[in-house]
Protein chains: 8
Amino acid sequence: MDETELRGMLEGVRSGRVPVDSAVSEIKKLPYKDMGFAKVDHHREIRTGFPEVVFCQGKTPEQVRMIVGELLNGGSNILATRADRNVYDEVLKAAPDAEYNAAARTIVVRRRPGEPSGDKVICVVSAGTSDMPVAEEARITAETLGNKVETLYDVGVAGIHRLLSNTDLLQKANVIIVVAGMEGALASVVGGLVDKPVIAVPTSVGYGASFGGLSALLTMLNSCASGVGVVNIDNGFGAGYLASLINRL
Amino acid sequence: MDETELRGMLEGVRSGRVPVDSAVSEIKKLPYKDMGFAKVDHHREIRTGFPEVVFCQGKTPEQVRMIVGELLNGGSNILATRADRNVYDEVLKAAPDAEYNAAARTIVVRRRPGEPSGDKVICVVSAGTSDMPVAEEARITAETLGNKVETLYDVGVAGIHRLLSNTDLLQKANVIIVVAGMEGALASVVGGLVDKPVIAVPTSVGYGASFGGLSALLTMLNSCASGVGVVNIDNGFGAGYLASLINRL
Amino acid sequence: MDETELRGMLEGVRSGRVPVDSAVSEIKKLPYKDMGFAKVDHHREIRTGFPEVVFCQGKTPEQVRMIVGELLNGGSNILATRADRNVYDEVLKAAPDAEYNAAARTIVVRRRPGEPSGDKVICVVSAGTSDMPVAEEARITAETLGNKVETLYDVGVAGIHRLLSNTDLLQKANVIIVVAGMEGALASVVGGLVDKPVIAVPTSVGYGASFGGLSALLTMLNSCASGVGVVNIDNGFGAGYLASLINRL
Amino acid sequence: MDETELRGMLEGVRSGRVPVDSAVSEIKKLPYKDMGFAKVDHHREIRTGFPEVVFCQGKTPEQVRMIVGELLNGGSNILATRADRNVYDEVLKAAPDAEYNAAARTIVVRRRPGEPSGDKVICVVSAGTSDMPVAEEARITAETLGNKVETLYDVGVAGIHRLLSNTDLLQKANVIIVVAGMEGALASVVGGLVDKPVIAVPTSVGYGASFGGLSALLTMLNSCASGVGVVNIDNGFGAGYLASLINRL
Amino acid sequence: MDETELRGMLEGVRSGRVPVDSAVSEIKKLPYKDMGFAKVDHHREIRTGFPEVVFCQGKTPEQVRMIVGELLNGGSNILATRADRNVYDEVLKAAPDAEYNAAARTIVVRRRPGEPSGDKVICVVSAGTSDMPVAEEARITAETLGNKVETLYDVGVAGIHRLLSNTDLLQKANVIIVVAGMEGALASVVGGLVDKPVIAVPTSVGYGASFGGLSALLTMLNSCASGVGVVNIDNGFGAGYLASLINRL
Amino acid sequence: MDETELRGMLEGVRSGRVPVDSAVSEIKKLPYKDMGFAKVDHHREIRTGFPEVVFCQGKTPEQVRMIVGELLNGGSNILATRADRNVYDEVLKAAPDAEYNAAARTIVVRRRPGEPSGDKVICVVSAGTSDMPVAEEARITAETLGNKVETLYDVGVAGIHRLLSNTDLLQKANVIIVVAGMEGALASVVGGLVDKPVIAVPTSVGYGASFGGLSALLTMLNSCASGVGVVNIDNGFGAGYLASLINRL
Amino acid sequence: MDETELRGMLEGVRSGRVPVDSAVSEIKKLPYKDMGFAKVDHHREIRTGFPEVVFCQGKTPEQVRMIVGELLNGGSNILATRADRNVYDEVLKAAPDAEYNAAARTIVVRRRPGEPSGDKVICVVSAGTSDMPVAEEARITAETLGNKVETLYDVGVAGIHRLLSNTDLLQKANVIIVVAGMEGALASVVGGLVDKPVIAVPTSVGYGASFGGLSALLTMLNSCASGVGVVNIDNGFGAGYLASLINRL
Amino acid sequence: MDETELRGMLEGVRSGRVPVDSAVSEIKKLPYKDMGFAKVDHHREIRTGFPEVVFCQGKTPEQVRMIVGELLNGGSNILATRADRNVYDEVLKAAPDAEYNAAARTIVVRRRPGEPSGDKVICVVSAGTSDMPVAEEARITAETLGNKVETLYDVGVAGIHRLLSNTDLLQKANVIIVVAGMEGALASVVGGLVDKPVIAVPTSVGYGASFGGLSALLTMLNSCASGVGVVNIDNGFGAGYLASLINRL
């Protein structure tokens, strides 16, 4: 249903031609576009200030392109995550101005300026070089959602002076995202240094008894520092999104 | 070291009598009181706005009483969690005005008025009656830290109209804590209804394949709704603390 | 043993030429054809109304073709699951009218009309686009077994209005199959909305702490909604089969 | 809100005294009674044909008594599960006619005759004597919901002739519940013998590598027999409830 | 050291020319040949009646060839397991008469006739066609070790008449090996039918909650039938070896 | 049905008074006595040479007494496992000559002499003093089943000379049972020393990362020594039973 | 066999009265005293410098007393771990000078002065007050084995200044034992600060997703700091023993 | 900042030209070079005697080359682990004298002579040929850090005479590294034979219930022999590093 149809129907309600019940029923179904394989949620931007983010894993490149196209019809900005390069190549057909970050595997299309979050900074901290792809996904997500972001990478606890010499950066942040694999101890240390909310992202970086990120996940859930919330393993997007919700309160 | 001693030492530095090195060394050790079995962190209140919270599990009642006494010396408010009644009885000797919540197993001593968090509300939502102890721990924590809290209990997804008829309450909250055991699906549903940060607390309520809260924990970590951060199983305190950090930004 | 031989033997029994014991022994072995690597169960259709379904995983294409050929000799319809395209190519040699569904990885050969299940509808509901292959396997299984099926895809709980605006469809169904990965919360929500049996299928869609579908599996087993039965991760066939058994009671 | 109040309000709507909006709002809240610690779902009986079942684990005896009292006010039959004897003693104060089954730990109050399910039989099969409490919970649930139930206990696969000599009973059942601990193989064997839906209930009976029922649970989920749906470990109630939904289709 | 050298040294001991200490030291080192990357155990055949079996996984083809060559020097028969075809190609250089079984991934070289085990039969039973590679590894191992073996494949419990019509075969066996994946229930059923030792081999056949064979493994360990011993997942060799030890008692 | 009734019925068949069909049906049901809560398997002794063993865990003392009584009616010897002392006290009412082993928690009633197993010895080896209850359960089971048993306790691998100085005992055994908790390494070492079947029993002895016997279980399943079969954690009975089956071949 | 007997036997060998074979056989059996339920290892002190440590868990108080008595006969010092008070009461009968540490659950009997380890210090560091029992077990073990020990308790990473203000203590230690529960991050931080071997002991302190110490265990195994070796959960004794081996090199 | 700059700045402090605050700030940042994607720790060599070891997994070849180049600027020796050959090819551009060990996947660049560890020997023991890559990583690490290393490979417990005939080698070692997969029992046996620290390295060698090294890991953690510290699965580097720390005390 496009806008003309919507107006027509509402005028029918005013004139009594369309019963209220069926109008209600129609409007209730408005918020999404049913594409068969997907129900694209156009109403989401009204509810949450940002359109549906496209999670590409498990979708064909064609499906992603069609969903992106549908969202662009509404004039939205686009954020697509877990996108391989062949997904990006397909998306380019629908959005030639799409930008790709190979490390983070994100696609961004900027069609409208986001409203900036003011001076409040989200700080993304990572333990090692290998954690960078997840950290970058968090950074891009938070920036695309209109936040100022600063990064502090490769400051794992095995050389804690690297972290301690950057406490100024941590202290001035409004929200902190900590990205760490292996034993994931960085979240507890950061959580003990600041009195700001910490979003902890375990990564699957490691081997052996890291069990695909389980070790870092458990570490973060059991953090002896208060004020730490945890998201799924490798879920840089989720951390960036939650940090943005908090930062914009 | 009390304030008089501190002044004496600093004057010694000014006069050259005390070498800078030994002054530095003394001051560095200031922030905590070493009680042998515990190092009570008096500096924490300066850093974070609230004194150390006493986690009673694994401590003897006498140890808890002594730590509480030490903290009260500094004029702090007290929050002690996971306190059995015999711990409370012992704490009463040090703080006759201590209040006990048997369901939440918390002890609170209020010695100074907290600075209120304004109109911003934390909403604590729970799935079932059995989840109440954890929900209450979250509520008391957030209130003790100076926040306005509203509760919405027993609104699990098996009768989703109970939740949907209370969306007004959810929408007006600044931060939402969702407490749920068994399958823990409530966090995802709430997360999809609002655009506020959601702190999810899995509980050990359930049996069989709930594996002591593992089921709810995994559900919440894998939430298809964005904007959900997870704390440890049964960690009502952690959720209340994190929610307070966010609410007071 | 073919029918002529069977008649011969039974007449031998009547005439006393064949001892009862050896006749019993022969008949007991009737129900299957021993192909060396497989014992094809021809008796199954008599017992259950549908011939053995061919599970292709772990079998060579040649083995599948030979089993299909054997089943077709008996005039049966064929359903083969978890079939890669090279299996399909091989099966075409034995059944040129075989149909392949690439998403569901099923092969169907229709040689006799199924007896329709009347007006009773099985509804297949899925949480996300990535869950479609499993949902389609369920749909094709149920349809091949003679049931009317309707589908409702991409209605995960993160945007619960997509589900709630389709409750009419759920209410009119006789049996509901819910297919969901990640946190799998959809089964509980659907189970709370209807008073019909719900067959829940966890999928391996997700990452990190979904642990290959474990998260959704545990969610569904711990469902706080009553009336939910669970099948193996990604077992669309099993759900379709069980739903058909129920729908045809 | 009782019926008189409801009538009054609706007459207010008719006369224009009560605005439609506030009436809608009131009616929306109708379906449950908020008792603070619980929201008792009176609307459930209208939706599903049976009132809310009281899960006693994690509730105090007083909470259970109050919920039962509230449900009895509506004239409902009562089924309470996982009730210890002290819960039963408390419930007797509200319902002197309550019946207790110590093995199954169920409380039943019959206030209105259930509508019988006709001749269709649910058969509850159990593997060993130790599985009886769970089997009995399933039996009592199904009977309380108005079904005819037959039982076949202690027919585990280690002595398979005990099962095979009772296939008549299995064949005439409309739905079969299989309750088994240890290795849980009974569900697969029964599922292979019949063409009726099988609800499998793993139990925590066993030791060592049964890991509290995990072994039986995995066995049942991986059943090579089609047509088996699984519920949570020790969830006799859930199996009885699902079987009843199926049996009454 | 060959036999001549050994004799020489022992005569040196008798004559006093070789000190007892150094003779002891030499003899102690006899049992194996140190190849640097491997210590080939020539003494094993004396101790156990069969030479070391070569487990190829994790060894390079060259290492396998060299070990096989070393063993052949001693005139031994060879059994190599988990051998890919490129390992076989390499082994052919050292043993042109080596035989390869592609399903079982075994290499066999027969240089001396094994002493037959008499009339005592080992029966290898498997649940499904996909379990055949493991079953074949067991069969070949037992045969190479000199036992009579009969096989009964594709008799899983979902169609239990296939098994029951072959009980004669089971009853006449001296030892039974049961190979099954998915839920692995076959071991319990066979164990309940016979009073002979049953060696159960779980396989990794299955998907989802079979967790790579864990489900079948737990089933077999928890078997309610007595007289079942379990080996590692997919360890057809181990089952064949243990069965042979038992069969030759 | 007792023997007189059986004779009567069979004579009825001969005379034509009893139809063959109903005789078959009666005889088919012979093998067990249905006690409601249990189906006691009288036929088992005929099939396997030893009557049903009573597993007491999860049964009430009264149920055990009744089952024992029923078995004694048939003149059987009795072995009951996992029996607490109060079970024993109850069993004494039915069998005043019952013997109790408190460490192994077994009850034995000897009514007929077992046929001895000849000179073939089963050797029960245990790693530590704490493993003795499980080792004793194995010993008593094997002895009750008529085998000669020798024991070798507290010979764990941390002091391997204790084992090596007893290799004579190991070498002369026909079957070896190895009982070990903690890391369970003893099974591999024993398996490497002998060429006899080894039955490995992991125990739950240990703490921390022994995870209730999981560590020892995995060790034994992964044994690098061939010829090791594993039973469930703490399953001394199962090991003794399997060893007896092997020893009596 | 005491020394006199040993001398007698050896003289018998010299004179030809005792055959070499039987002397060898006797000497081989020397190292332990077989008490039936235990083989007490008297030879251990010669091999390792310290007699067998008595692990009391799973032994009866009487068994512990008898083992202690046997060890005291050899004039050894005694260390018994995991001893409840009733074990201690029993041991007092054999060793009235035995000392008990209730927190660490250790019994120590000092009969000979240990040779001191010189100036080299073992430092025991613990994260929280609740970890003290394990830390004390490590301290007492190391001291009883003759080492100088210093302790640094309650310096968990949530308040990292408590640790950093004590780096002098860490730097001067020769070996460091780190005891931590919950997320166990302390081991990585300490490991990054020093260049000495770190023995990490995870404890079972925590709740929920600490899974009985699994979280801390995985953290320590995955430590991003090099130079960390891990012992079993709660194994304070093992850490103290290993630290002593290292400290005395 | 190089030494000249450092001198200049410190002279500025002396002369009052450079404020103390900014000097402090500069010096604080000295220890590492921030390369954006990595913070290379130049200070580490001063703290620990050996420069940062480069863990290549998860880094691009270019990142590794740049880090190696940066470290070489400081004149350090280089050890890079988990390096594929394409990483090596890239490193050759920065260090043509780099040596590659394909089995161990290590890169070594020797620019300065290490100070030798004297006569003290580290012995690396491995259970099987397949464990060699991990054992070699340990050997190369220890040698690169300046230690004397001896190896004893393929001495798993299934043929324990291979180990026992080499006890001399074990006894003369100062520290022992034990590398074993499958059931990992070798560590306990070695730990029982010697009174030296044992570093145990579980490997992922095995299949089925070895669960990627979990089995060997648990075995080693639960070792009944005292004096065993465990590192992560396949962590040959960590074992070599820890052994070196101990060996050089």
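Residues numbered from 1 in each chain as written. Chains lettered and ligands numbered in written order. Predicted model: local features only at pLDDT ≥ 70, side-chain atom pairs only at ≥ 80, totals over all residues. Heavy atoms only, no water.

Brief notes about the packing of aromatic side chains
At step 1: Tallied over the full model, the rule gives 24 aromatic pairs over all chains.
At step 2: Between phenylalanine 237 of chain E and tyrosine 241 of chain E, the ring centres sit 5.7 Å apart and the planes meet at 55 degrees, which makes this aromatic pair tilted. Of this pair, phenylalanine 237 of chain E and tyrosine 241 of chain E both sit in helix α11 (residues 236-247), four residues apart, roughly one helical turn.
At step 3: The ring of tyrosine 207 of chain C is capped by arginine 82 of chain A, whose NZ or CZ atom sits 3.7 Å from the centre of that ring. (Phe/Tyr/Trp six-rings, centres within 6.5 Å; stacked < 30°, edge-to-face > 60°. Helix = DSSP H or I, 4+ residues; strand = E, 2+ residues; numbered from the N terminus. Lys NZ or Arg CZ within 6 Å of the ring centre and 35° of its normal.)

Points about the relation of the copies chain F and chain H
At step 1: Of the transformation superimposing chain F on chain H, the axial component is 0.0 Å and the angular component is 180 degrees, with the fit at an RMSD of 0.1 Å. As the rotation angle and translation indicate, the two copies are arranged about a two-fold axis. Residue alanine 185 of chain F of chain F places its C-alpha closer to the rotation axis than any other residue of that unit, at 2.5 Å.
At step 2: When the interface residues of chain F are mapped onto chain H, 100% of them are again interface residues, pointing to one common binding face. (Least-squares fit on C-alpha atoms with pLDDT ≥ 70 in both. Contact = heavy atoms within 4.5 Å.)

Examining the confidence of the model for chain A
At step 1: Scored by pLDDT, chain A has a mean of 86; 84% of the residues are at 70 or more.
At step 2: Across the interfaces of the predicted complex, the ipTM metric reaches 0.86, alongside a pTM of 0.89. (pLDDT = per-residue confidence, 0-100.)

Overview of the pairing of strand β7 (residues 121-126) of chain B
All names here are of chain B.
At step 1: With six of six residues buried, β7 is to be regarded as a mostly interior element.
At step 2: Burial along β7 is two-sided: Val121, Cys123 and Val125 and Ile122, Val124 and Ser126, pointing in opposite directions, are all buried.
At step 3: Across five bridges, the pairing between β7 and strand β8 (residues 148-152) is parallel. What sits directly across from valine 124, in β8, is threonine 151.
At step 4: Pairing geometry for β7 and strand β9 (residues 175-180), over five bridges, is parallel. Within β9, the position partnered with valine 125 by the bridge is valine 178. (Buried < 20%, exposed > 50% of the residue type's maximum accessible area, 1.4 Å probe, protein only. Pairing = 2+ DSSP bridges.)

Examining the interface of chain C and chain D
At step 1: Contacts between chain C and chain D engage 25 residues on the former and 24 residues on the latter.
At step 2: Summed over both sides, the interface of chain C with chain D buries roughly 2200 Å², with 64% coming from carbon and sulfur.
At step 3: Where chain C touches chain D, the interface holds zero salt bridges.
At step 4: Connecting chain C to chain D are three residue pairs in polar contact (both at pLDDT 80 or more). (Buried area = accessible area lost by both parts, 1.4 Å probe. Salt bridge = Lys/Arg side-chain N within 4 Å of Asp/Glu carboxyl O. Polar contact = N/O pair within 3.5 Å; in protein donor to acceptor, adjacent residues only side chain to side chain.)

With respect to the layout of surface pockets
At step 1: Looking at the second largest pocket, its volume works out to about 1500 Å³.
At step 2: Along its surface, the second largest pocket is lined by 35 residues, and Leu214 of chain D, Leu214 of chain E, Leu214 of chain F, Leu214 of chain G together with Leu214 of chain H are the ones closest to its centre.
At step 3: Listed by contribution, the elements that provide at least two residues to the lining of the second largest pocket are α10 (214-221) of chain A, α10 (214-221) of chain B, α10 (214-221) of chain C, α10 (214-221) of chain D, α10 (214-221) of chain E, α10 (214-221) of chain F, α10 (214-221) of chain G together with α10 (214-221) of chain H.
At step 4: Class assignment of the residues belonging to the lining of the second largest pocket gives a composition of 35 nonpolar, no polar and no charged. (1 Å grid on protein atoms, 1.4 Å probe; cavity = no way out; pocket = protein on both sides within 12 Å on 5 of 7 lines; lining within 4 Å. Points joined across faces, edges and corners; volume = space filled by probe spheres on them. Nonpolar A, V, L, I, M, F, W, Y, C, P; charged D, E, K, R; others polar.)

Things to note about the packing of helix α4 (residues 61-73) of chain H against helix α5 (residues 85-94) of chain H
Residues and elements named next belong to chain H.
At step 1: Contact pair α4 / α5: the axes reach a minimum separation of 8 Å and the direction vectors enclose 35 degrees. For α4 against α5, the interelement crossing comes out right-handed. Each of Pro61, Glu62, Val64, Arg65, Val68 and Leu72 in α4 lies in contact with α5, whose residues at this interface are Asn86, Val87, Glu90, Val91, Lys93 and Ala94.
At step 2: Tallied by class, residues from the contact of α4 with α5 come to seven nonpolar, one polar and four charged. (Axes fitted to C-alpha atoms, helices over the stretch in contact; angles between N-to-C directions. Left-handed = near helix turned anticlockwise from the far one by under 90°.)

Points about the sheet that holds strand β6 (residues 106-109) of chain B
Residues and elements named next belong to chain B.
At step 1: Strand order in the open sheet formed by four strands is β3-β4-β6-β5, with mixed pairing between adjacent strands. Two strands close off the open sheet at either side, each with one partner strand: β3 (54-55) and β5 (99-101).
At step 2: Sheet topology note: the β5/β6 ladder contains three bridges and is antiparallel. Bridge pairing links glutamate 99 to valine 108 in β6.
At step 3: The sheet contacts of helix α6 (residues 132-144) involve β4 (78-81), β5 and β6, and relative to β4 the element is tilted by about 165 degrees.

Thoughts on the interface of chain F and chain H
At step 1: Taken together, the 24 residues of chain F in the interface contact 24 residues of chain H.
At step 2: Both faces combined, the contact of chain F with chain H buries some 1900 Å², and carbon together with sulfur accounts for 70% of it.
At step 3: For the interface between chain F and chain H, the tally reads zero salt bridges.
At step 4: Taken together, the connections running from chain F to chain H amount to 13 residue pairs in polar contact (both at pLDDT 80 or more).
At step 5: Within the residue set of the side of chain F that touches chain H, elements represented by two or more residues are α9 (186-193) and α10 of chain F.
At step 6: A per-element tally of the side of chain F that touches chain H places α10 of chain F first, with five residues.

A few points about helix α4 (residues 61-73) of chain G
An α-helical turn contains 3.6 residues, so a residue and the one three or four places further along point in the same direction.
Residue and element names in this part refer to chain G.
At step 1: Relative to the 18 Å expected for 13 residues at 1.5 Å per residue, α4 spans 18 Å between its end C-alpha atoms, a close match to the ideal helical length.
At step 2: Residues Gln63, Val64, Ile67, Val68, Glu70, Leu71 and Leu72 constitute the buried set of α4.
At step 3: A positive backbone phi angle near 80 degrees is found at glycine 75, which sits one or two residues after α4. (Expected span 1.5 Å × (residues − 1).)

Some details on the environment of glycine 128 of chain B
At step 1: Note on placement: glycine 128 of chain B falls in the loop between β7 and α6.
At step 2: Distance in space between the C-alpha atoms of glycine 128 of chain B and valine 179 of chain B is 8.7 Å, their sequence separation being 51 residues.

Examining helix α6 (residues 132-144) of chain G
Residue and element names in this part refer to chain G.
At step 1: The end-to-end C-alpha distance of α6 is 18 Å, a good match for the 18 Å that 13 residues give at a rise of 1.5 Å each.
At step 2: Burial of α6 is extensive: eleven of the 13 residues sit out of reach of the surface.
At step 3: Burial in α6 covers these residues: Met132, Val134, Ala135, Glu136, Glu137, Ala138, Arg139, Ile140, Thr141, Ala142 and Thr144.

A word on the sheet that holds strand β3 (residues 54-55) of chain H
At step 1: The strand order across the open sheet built from four strands is β3-β4-β6-β5 (chain H), with neighbouring strands paired in mixed fashion. Of all the strands in the sheet, the pair left with one neighbour each is β3 and β5 (99-101) of chain H.

Description of the relation of the copies chain C and chain D
At step 1: With an RMSD of 0.3 Å, the operation that places chain C on chain D is a rotation of 180 degrees combined with a shift of 0.0 Å along the axis.
At step 2: Of all interface residues in chain C, 96% are interface residues in chain D too; the two copies therefore contact each other through one and the same surface.

Some words on the pattern of salt bridges
Residues and elements named next belong to chain D.
At step 1: One pass over the structure, following the stated rule, counts 72 salt bridges over all chains.
At step 2: Ionic pairing is found between arginine 105 and aspartate 84, a salt bridge with its closest N-O pair at 3.5 Å. Taken together, the residues arginine 105 in the loop between β5 (99-101) and β6 (106-109) and aspartate 84 in the loop between β4 (78-81) and α5 (85-94) connect sequence positions 21 residues apart.
At step 3: Take arginine 105: its relative accessible area is 30%, and that puts it in the partly exposed class.

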